[in-house]
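Overview (structure and organization)
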Amino acid sequence: MTAAPPVRRAWGLAAAVPVLFAAIAMLQVRIDAETRSIARQPEKLVLSSGPMLKKMSLGYDSLLADIYWTRAVQYYGGKLQDLSRDFRLLPGLLDITTTLDPHLIVAYRFGAIFLSEPPPVGAGRPDLATELVKRGMAANPDDWHLAADLGFLYYWHLKDYANASEAYLEASKNPKAPGMMKIMAARIAQKGGDLDTSIMIWAQYFKSSKDPQVRKTAQDHIEGLQAVKDERAIDALSEKYRSRFGRDPASTKDLREAGMIPGIPVDPSGVPYAIGPDGKSRLGPHSTVRVEVPPKLSNEK
Amino acid sequence: MSTTVASMERSFPRAVSGVVAVNTFREAVRDRILYNLIFFALVMIGAAILVGQISIGIERLVIVNLGLSAISIFGLIMAIFIGVSLVSKEIEKRTLYSLLAKPIRRWEFLVGRYGGLLLTLLVNTSLMTLGLAGALFYVSRHFERGDASILFAVYFILLQLALVTALALFFSCFSTPVLSTLYTVGIYVVGIFATDIRDFGQVTKNPAMQVMTRVIYYLLPNFHNFNIISAASHGEAIPFSLIWQNTLYAALYVVVILIAASAVFSGRDLK
């Protein structure tokens, strides 16, 4: 038997490599299927001490902080798609990230959103979010955004208007902060959680972030609050209509025909408001506005 | 090694180390040491494209942190692994004997080898810094005033590499490459924790231990001094006093180590 010429042998080997890689890939698919059936290990942060990780990073702590922040973002994003919506590792990941790099402002700001938003969008832990932001303020006294974020957390999630006002006042002391901070502090102290103040807070939140997702959320809230404000105005007019005609208006068209409004009022998504059988105004069936009214506002007269 | 040493010695005695340095640099280029730049470029391109997709708000930070960390890590690997073979390779290949037969002193040879590796590291670091600047511009589309801190961070990394190279060269004068690597890595790691060693002494409340840890603290090269990556990534201003103090610290330490290395190498029996 004669040996194959070197060129043919080389071609044979070159052709074998992709075949072998295809076999490896197929094998990996099978292994994945096999391991999926094995019970999942409970989620756990193997290294949970930020200071220890900082020491172990051998000076590359800021790079490790970036890695942990990315991990926190991925964890949060993954949990949003996960039906369990269990964010138990999130506080630990944020703690490690901000210990490794106490100046990573983005981790405090977005971390506070992840922690404070009610489920299913977030962990529903505004208490932990305020702790995180306070730590950020201590490490970054020159950054007014964090004080404003703290004010927002107190205002929107905790309904603690005294502390919210104080936090906005703290933010206003920074020369780089917009003059609006002082006005917001005064207004919250005076009027607590009324609709206009809430719209103003969300508008400020919208302005202070460049992230499209955060701005979209703020915009949605502003639109929702604006819709509540409009509905209350329509309800007041319906009340007057009732006393004048002895019946509820069937739609906003009745109010217009009675000369009480110049045109058909529409919500921020451009859909006309409807009036229900109870005579109360509501969003039209095709409206895309999302109304989430906090308890104090829903009781407000 | 080039044979122009003798002629250089006649015309300008101290230029001998320079000739050795240039040849060490050429040797490094011939050994394809600068190929690591390709890997660096791939890392930077990958980070610039990927980070925006998988994280929030840290695109610029990651480029700076990753770039500076990569410059530091690649530099350290080169400084240690090439540094420990600077002398042993010459002995192994028996080129050192023909070299020392020429009018060249042993310390001149050492300083030349050291300078050559430093030149290699300088070229490598400079090219990586250019790559980092390119990636940064790709991500942010502009440079900021705070980006100047990145250059200071690179300078501090170079100072750190100068110190590590000197240590590697020192150990290679009396030990095998494997042991020299271990010693250099060991001193580097302990040097990072120098402040912790000093603080440990304070915690014990034992006066003798306190004195001992304090002595160790001042004897060890404090590599923590040179780490301003985090500050640079946040665009913080680096005080001028820190720049000159670190420069002087590294220069004095390198001189001490090179004197020690020359003393050991001069007294070594090469037969």
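Note that the coordinates shown come from a computational prediction; the quantities given were computed from them, not determined experimentally.

Criteria and cut-off values
- Residues numbered from 1 in each chain as written.
- Chains lettered and ligands numbered in written order.
- Predicted model: local features only at pLDDT ≥ 70, side-chain atom pairs only at ≥ 80, totals over all residues.
- Heavy atoms only, no water.
- Contact = heavy atoms within 4.5 Å.
- Buried area = accessible area lost by both parts, 1.4 Å probe.
- Salt bridge = Lys/Arg side-chain N within 4 Å of Asp/Glu carboxyl O.
- Axes fitted to C-alpha atoms, helices over the stretch in contact; angles between N-to-C directions.
- Helix = DSSP H or I, 4+ residues; strand = E, 2+ residues; numbered from the N terminus.
- Parallel < 35°, antiparallel > 145°, perpendicular 65-115°, else oblique.
- Left-handed = near helix turned anticlockwise from the far one by under 90°.
- Nonpolar A, V, L, I, M, F, W, Y, C, P; charged D, E, K, R; others polar.
- Phe/Tyr/Trp six-rings, centres within 6.5 Å; stacked < 30°, edge-to-face > 60°.
- Buried < 20%, exposed > 50% of the residue type's maximum accessible area, 1.4 Å probe, protein only.
- Lys NZ or Arg CZ within 6 Å of the ring centre and 35° of its normal.
- Core = buried A, V, L, I, M, F, W, Y, C linked by side-chain atoms within 4.5 Å.
- 1 Å grid on protein atoms, 1.4 Å probe; cavity = no way out; pocket = protein on both sides within 12 Å on 5 of 7 lines; lining within 4 Å.
- Points joined across faces, edges and corners; volume = space filled by probe spheres on them.
- Patch = residues over 30% accessible without salt bridge, like charges linked within 9 Å, V, L, I, M, F, W, Y side chains within 5 Å.
- Areas by Shrake-Rupley, 256 points an atom, 1.4 Å probe, with all protein chains shown as cover.
- pLDDT = per-residue confidence, 0-100.

A few words now on the interface of chain A and chain B. With 19 residues of chain A at the interface, the matching set in chain B holds 23 residues. Between chain A and chain B, roughly 1,700 Å² of surface is buried when both sides are summed, and carbon and sulfur atoms account for 61% of that area. Considering only the surface of chain A that becomes buried against chain B, Leu-58, Tyr-60 and Leu-63 of chain A emerge as the three largest contributors, covering 32% of it. Put simply, chain A and chain B have one salt bridge between them. Residue Lys-55 of chain A is joined to Asp-196 of chain B by a salt bridge in which the shortest nitrogen-to-oxygen separation is 2.5 Å.

Residue and element names in this part refer to chain A. Interaxial distance between helix α9 (residues 180-191) and helix α10 (residues 195-208) falls to 10 Å at its minimum, and their mutual angle equals 150°. In terms of their interaxial angle, α9 and α10 are classed as roughly antiparallel. The crossing of α9 and α10 is left-handed. Facing α9, whose interface residues are Met-180, Met-181, Met-184, Arg-187, Ile-188 and Lys-191, α10 presents Asp-196, Thr-197, Met-200, Ile-201 and Gln-204. Residue composition of the contact of α9 with α10, by class: six nonpolar, two polar and three charged.

For the rest of this paragraph, the subject is the packing of aromatic side chains. Under the definition given, this model contains 16 aromatic pairs over all chains. On the basis of an interplanar angle of 40° and a centroid distance of 5.4 Å, the ring pair of Phe-137 of chain B and Phe-143 of chain B is categorised as tilted. For Phe-143 of chain B, a relative accessible area of 47% corresponds to the partly exposed category. Clustering of aromatic rings is evident, with ring pairs tying together Trp-69, Tyr-76, Phe-87 and Phe-114 of chain A. Above the face of the Phe-265 of chain B ring, Arg-106 of chain B is positioned so that its terminal group lies 5.7 Å from the ring centre. Here the basic side chain of Arg-198 of chain B rests over the ring of Tyr-217 of chain B, its NZ or CZ set 4.6 Å away from the ring centre.

Our focus in this paragraph is unusual backbone geometry. Even without a glycine there, the phi angle at Leu-58 of chain A is positive, about 50°. Mapped onto the elements, Leu-58 of chain A comes out in the loop between α2 (50-56) and α3 (61-81). Leu-58 of chain A gets classed as partly exposed once you look at its relative accessible area, which sits at 29%. Backbone geometry places Arg-141 of chain B, a non-glycine residue, at a positive phi of 65°. Inspection of the secondary structure puts Arg-141 of chain B in the loop between α7 (106-140) and α8 (148-172).

On to the nonpolar core. Among the nonpolar cores identified, the biggest contains 135 residues, and Trp-69 and Tyr-168 of chain A together with Leu-68 of chain B are the most heavily contacted of them. No other element matches α8 of chain B, which puts 15 residues into this core. Ignoring any residue separated from it by four or fewer positions in sequence, one finds Leu-68 of chain B in contact with Leu-132, Ile-150, Ala-153, Val-154, Ile-157, Ile-229 and Ala-232 of chain B. By size, the runner-up hydrophobic cluster in this structure holds ten residues, among which are Ala-227, Leu-237, Tyr-241 and Leu-255 of chain A.

Left-over empty space is what a probe sized like a water molecule reveals as it rolls over the atoms. In this model, the largest pocket occupies a volume close to 1,400 Å³. Lining the largest pocket are 40 residues, with Ile-105, Val-106, Asp-143 and Lys-210 of chain A together with Gly-57 of chain B positioned closest to its centre. Elements with a contribution of two residues or more to the lining of the largest pocket: α5 (105-116), α7 (144-157) and α10 of chain A together with α3 (36-54) and α4 (59-83) of chain B. Per-element accounting of the lining of the largest pocket gives the leading share, five residues, to α5 of chain A. The residue inventory of the lining of the largest pocket, partitioned by class, reads 14 nonpolar, 13 polar and 13 charged. Estimated volume of the second largest pocket: approximately 520 Å³. Taken together, 28 residues form the lining of the second largest pocket, with Tyr-76, Ile-113, Glu-117, Val-121 and Thr-217 of chain A sitting closest to its centre. The residue makeup of the lining of the second largest pocket, split by class, is 16 nonpolar, four polar and eight charged.

A few words now on the environment of His-286 of chain A. Residues and elements named next belong to chain A. Its location among the elements puts His-286 in the loop between β2 (281-282) and α13 (295-299). A residue is classified by how much of its surface remains accessible, and His-286, at 67% relative accessible area, is exposed. In the structure, His-286 is positioned 17 residues away from Ser-269 in sequence and 9.2 Å away in space, judged by C-alpha atoms.

Taken together, the side chains of Phe-174, Val-178, Leu-179, Leu-182 and Tyr-183 of chain B define a hydrophobic patch exposed on the protein surface, amounting to about 490 Å² of accessible area. The residue Val-178 of chain B is located in helix α9 (residues 177-192) in this model.

This paragraph deals with the confidence of the model for chain B. It should be kept in mind that the predicted coordinates are not to be read in detail where pLDDT is low. All names here are of chain B. Looking at chain B as a whole, the pLDDT averages 84, with 94% of positions reaching at least 70. Averaged pLDDT values over the elements of chain B bottom out at 50 in helix α1 (residues 5-11) and peak at 94 in α8. For this predicted complex, the interface confidence comes out at an ipTM of 0.74, alongside a pTM of 0.75.

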